[in-house]
Amino acid sequence: MEQLRQKLQRIDGKGYKAYKDIQGTYKGEGFLLHIDHVQGDPFAAPSRIRVEIPKETARHREDWYRPESRRVAFEDFLAREAAGIIRAHYAGKRGTGNSGLIFIDAPGQEILPRTAVKVTHQKIEFRLSVGLPAEGRKILGRQAAQILCDEVPRLINKAVLHFDRARLLEHLKLTDRQEAIRQYLEKHGYIGFVANGSILPRESGISNRPLKGGQVIPFQAPPSLEIEIPVPHSQPIRGMAVPRGVSLVVGGGYHGKSTLLRAIERGVYNHIAGDGREYVITDRTAYKIRAEDGRRVEKVNISPFIENLPFGKDTVRFSTEDASGSTSQAANIMECLEVGCRVLLIDEDTSATNFMIRDARMQELVGKEKEPITPFIDKVRQLYEDYKVSTVLVIGGSGDYFDVADTVIMMNEYRPVDVTEKARQISQSIKHKRTAEGGEKFGEVTRRVIQPQGFHAFLGKKEKIDTKGSSTIIYGPNKVDLSFVEQLIDPSQTRAVAYMMKYISGKLVNGTDPLPVIIDRLYREIEEKGLEVISPFFGKHPGDLALPRKFELAAAINRLRTLQVK
């Protein structure tokens, strides 16, 4: 470290490119500092460094990072510790551009596998970004020495050696309880769980933090749907179980229907203590479906929902550059089924009306021979019976769905009421019902084969891959719009999706294996080698990445405008 300090003092006042001389590894007291990438100018993306602390110094216990769920939680805890210390004790910009910034990919309300911290048996490694300081384009060497030789070691020392162990253990115990609930739900035939006392509303439409104040109503399960789940380190947890099958969430406007569904869709991820949804747990394969006018669709089999289009247009291998609401929603369902989704989450507010329902009067006026769309109401039951795919559906405008529902939950002033029996009685009392359409079986879920040229025909050696927030990937000259992929929740997940697409393009697509096989192969490699295997900086600072689910990766691939399948 003294050698690094001398280098920085020597280049003080020189042009910014002289910072390239400090790239390399330096030994400190109980740690190694790796300077992997030095930014080209003060306005560029900050430099990437790693701080490696051996086990002899870190003294981390094996039960803190085993099993795998605890390792993710331990790494998450350390990243939060470092982020908190940076916010509390370190100055922001000190000079031109990003000068003086110290940054770690800080977690939000969800606990995600990230590359910000890596814990192994041998070491703990922090991956940081640092804005090397300058005045204009002249190096501020002494300030850089202060950051790299003093502030960064002090930060890591606090984060690794002086954290509150009691808080860490509570963080790990929470993860143990969350995983126990997931295992219980899988074993006993449930797709979701909302614990009593959960706080589901958020601060605002742009905030992921819990709403606070006297008007917040804690969740309380209706007695008929309430179960008790034994969990480690605690008394059993009681709450509402969502059974497999077809579940409706009904009720008046502004009574909490969509709020409940949003909590369930986020329940595919674990949440931190105090979030209010830490015990809202959902089948990890649950996927939010919506209409998406204007999206591209490439050779998707939407024939279970749409066939006999005018002019003989093929719906077994349906393609369009500008999908309608109904065709996009059908494609979204078939694409997620293709990669193994077991639970669909649908809100009528973001669905195409003609895709969801065709009532008896419209059937009388427009015969089936004139209507190519088989509405979802006629397929939702078959989907469960033929493929064991459950659905949770928010519906407020059509009681016809009572005919196909297993469970009906009414939200009344944010309080759930089990109205399943009443809904069945109403259904049985209606004499003039709509006629079911679309046959007796759901239809085929087709697995498509991705062609290599669809990935890299327009991705030259100089073309960059970039992301904008959580919802946009720049893949060469193409923009992939993920605005309506609602369970992609973190910009670091989106960055990982972009790298995954590039990795698949170069190493896994062979023109013969179906998309689900390729994605499963990628996730096996990640399981074996870590998420950083997808990064072009593998073996160094891999960039700020968080693991997305395979469904969001598939969604990005399916929205690539150059995608080609056979």
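Residues numbered from 1 in each chain as written. Predicted model: local features only at pLDDT ≥ 70, side-chain atom pairs only at ≥ 80, totals over all residues. Heavy atoms only, no water.

Participant: Honestly, the environment of methionine 501 in this entry has me stumped. Any pointers?
Facilitator: For methionine 501, the location among the structural elements is in helix α13 (residues 491–507). Methionine 501 gets classed as buried once you look at its relative accessible area, which sits at 0%. Spatially, the C-alpha atom of methionine 501 lies 33 Å from that of valine 152, the residues being 349 residues apart in sequence. (Helix = DSSP H or I, 4+ residues; strand = E, 2+ residues; numbered from the N terminus. Buried < 20%, exposed > 50% of the residue type's maximum accessible area, 1.4 Å probe, protein only.)

Participant: How should the sheet that holds strand β11 (residues 226–229) be read in this particular structure?
Facilitator: Note: strands within a sheet are paired through backbone hydrogen bonds, in either parallel or antiparallel orientation. Judged by pairing direction, the sheet is antiparallel, and its four strands sit side by side in the order β11-β12-β10-β15 without closing on themselves. The sheet is open, and its two borders are formed by β11 and β15 (280–282), each paired with just one other strand. Looking at each pair of strands side by side, their axes are set apart by 35° on average, direction ignored. (Pairing = 2+ DSSP bridges. Axes fitted to C-alpha atoms, helices over the stretch in contact; angles between N-to-C directions.)

Participant: Looking at this structure, I do not really get unusual backbone geometry. What am I missing?
Facilitator: Glycine aside, a negative phi is what most residues show, and trans is what most peptide bonds show. Proline 67 follows arginine 66 through a cis peptide bond whose omega is 5°. Along the chain, proline 67 turns up in the loop between α2 (55–58) and α3 (68–89). One non-glycine residue with positive phi stands out, namely lysine 299, at about 50°. Here lysine 299 is to be found in strand β17 (residues 297–300). One non-glycine residue, asparagine 308, lies in positive phi territory at about 60°. Checked against the element boundaries, asparagine 308 lands in the loop between β17 and β18 (318–320).

Participant: It is not clear to me how the side chain of arginine 70 should be interpreted in this structure. Could you clarify?
Facilitator: One can find arginine 70 in helix α3. Look at arginine 70 and you get buried, because its relative accessible area is 11%. Within the local environment of arginine 70, its side chain forms a polar contact with the side chain of aspartate 176, the two groups lying 2.6 Å apart. Ignoring anything within four residues of it in the chain, the contact list for arginine 70 reads Asp63, Trp64, Tyr65, Leu172, Lys173, Asp176 and His233. (Polar contact = N/O pair within 3.5 Å; in protein donor to acceptor, adjacent residues only side chain to side chain. Contact = heavy atoms within 4.5 Å.)

Participant: When you look at the nonpolar core in this model, what are you seeing that I'm missing?
Facilitator: Nonpolar side chains in soluble globular proteins tend to end up buried together. Formed by 81 residues in total, the largest nonpolar core has its most connected members in Leu248, Phe376, Tyr401, Met501, Ile534 and Leu553. Per element, the largest residue contribution to this core is eight residues, and it comes from α13. With sequence-adjacent residues up to four places away left out, leucine 248 is seen in contact with Leu393, Ile395, Tyr401, Phe402, Ala405, Thr407, Val408 and Ile409. Counting residues in each nonpolar core, the second largest holds 54 residues, with Trp64, Ala73, Val119 and Ile147 among its members. (Core = buried A, V, L, I, M, F, W, Y, C linked by side-chain atoms within 4.5 Å.)

Participant: What am I meant to see in the pattern of salt bridges here?
Facilitator: Note on pairing: side chains with opposite charge can pair once their charged atoms come close. Under the definition given, this model contains 52 salt bridges. Bridged by salt links that share partners, the residues Asp36, Arg50, Glu52, Lys118, Lys123, Glu125, Arg127 and Glu532 form one connected network. (Salt bridge = Lys/Arg side-chain N within 4 Å of Asp/Glu carboxyl O.)

Participant: How should I be thinking about the packing of α13 against helix α14 (residues 515–529) in this particular structure?
Facilitator: How two helices sit against one another is set out by the angle between their axes and by the gap between those axes. Direction vectors running N to C along α13 and α14 enclose 110°, while the axes themselves pass 11 Å from each other. Accordingly, the angle class assigned to the pair α13 and α14 is roughly perpendicular. Where α13 approaches α14, its residues Met500, Tyr503 and Ile504 are matched on the opposing element by Ile518, Leu522, Tyr523, Glu525 and Ile526. When grouped by side-chain class, the residues that make up the contact of α13 with α14 number seven nonpolar, no polar and one charged. (Parallel < 35°, antiparallel > 145°, perpendicular 65-115°, else oblique. Nonpolar A, V, L, I, M, F, W, Y, C, P; charged D, E, K, R; others polar.)

Participant: Looking at this structure, how should I read the pairing of strand β2 (residues 31–37)?
Facilitator: On a regular strand, one side chain projects to one face of the sheet and the next to the other, so that they alternate. Within β2, five of the seven residues are buried, which leaves it mostly tucked inside the rest of the structure. Relative to β2, strand β1 (residues 24–28) runs antiparallel, the two being bridged by five bridges. Note that in β2 the partner of tyrosine 26 across the bridge is leucine 33. As consecutive antiparallel partners, β1 and β2 are separated by two residues, and within that stretch glycine 30 has a phi angle of approximately 85°, a positive value. Here β2 runs beside strand β3 (residues 47–54); their pairing, made up of five bridges, is antiparallel. Along β3, the bridge assignment pairs histidine 37 with arginine 48.

Participant: Would you mind showing me how to read the sheet that holds strand β24 (residues 472–475) here?
Facilitator: Taken in spatial order, the three strands make up an open sheet running β23-β24-β25, and their pairing is antiparallel. Taken across any chain shown, the strands that pair with only one partner, and hence form the sheet edges, are β23 (465–468) and β25 (478–481). In this sheet, adjacent strand axes meet at a mean angle of 20° when their direction is disregarded. Two strands pair when backbone bridges link them, and β23 and β24 are joined in this way by four bridges, in the antiparallel orientation.

Participant: Could you clarify how one ought to interpret the packing of α14 against helix α15 (residues 550–558) in this entry?
Facilitator: Packing of α14 against α15 brings their axes to within 11 Å, and their N-to-C directions diverge by 130°. As summarised for this structure, α14 and α15 are arranged oblique, according to the angle between their axes. Considering how the two elements wind past one another, α14 and α15 form a crossing that is right-handed. The segment α14 lies against α15, with Leu515, Ile519, Asp520, Leu522 and Tyr523 engaging Lys550, Leu553, Ala554, Ile557 and Asn558. (Left-handed = near helix turned anticlockwise from the far one by under 90°.)

Participant: What exactly am I supposed to notice about the packing of aromatic side chains here?
Facilitator: Both the distance between ring centres and the angle between the ring planes are used here to describe each pair of aromatic rings. Applying the stated rule across the entire model yields ten aromatic pairs. Geometrically, the ring pair formed by phenylalanine 305 and phenylalanine 355 is tilted, given 5.0 Å between the ring centres and 55° between the ring planes. Here phenylalanine 355 lies in helix α8 (residues 353–356) and phenylalanine 305 lies in the loop between β17 and β18, a separation of 50 residues in the sequence. Looking at phenylalanine 305, the relative accessible area reads 0%, which means it is buried. Taken together, the ring pairs in this structure connect Phe305, Phe355, Phe376, Tyr387 and Phe442 into an aromatic cluster. Between arginine 290 and the ring centre of phenylalanine 484, over which it is positioned, the NZ or CZ distance is 4.0 Å. The cationic tip of lysine 388 hangs over the ring face of tyrosine 384; the distance from NZ or CZ to the ring centre is 5.1 Å. (Phe/Tyr/Trp six-rings, centres within 6.5 Å; stacked < 30°, edge-to-face > 60°. Lys NZ or Arg CZ within 6 Å of the ring centre and 35° of its normal.)

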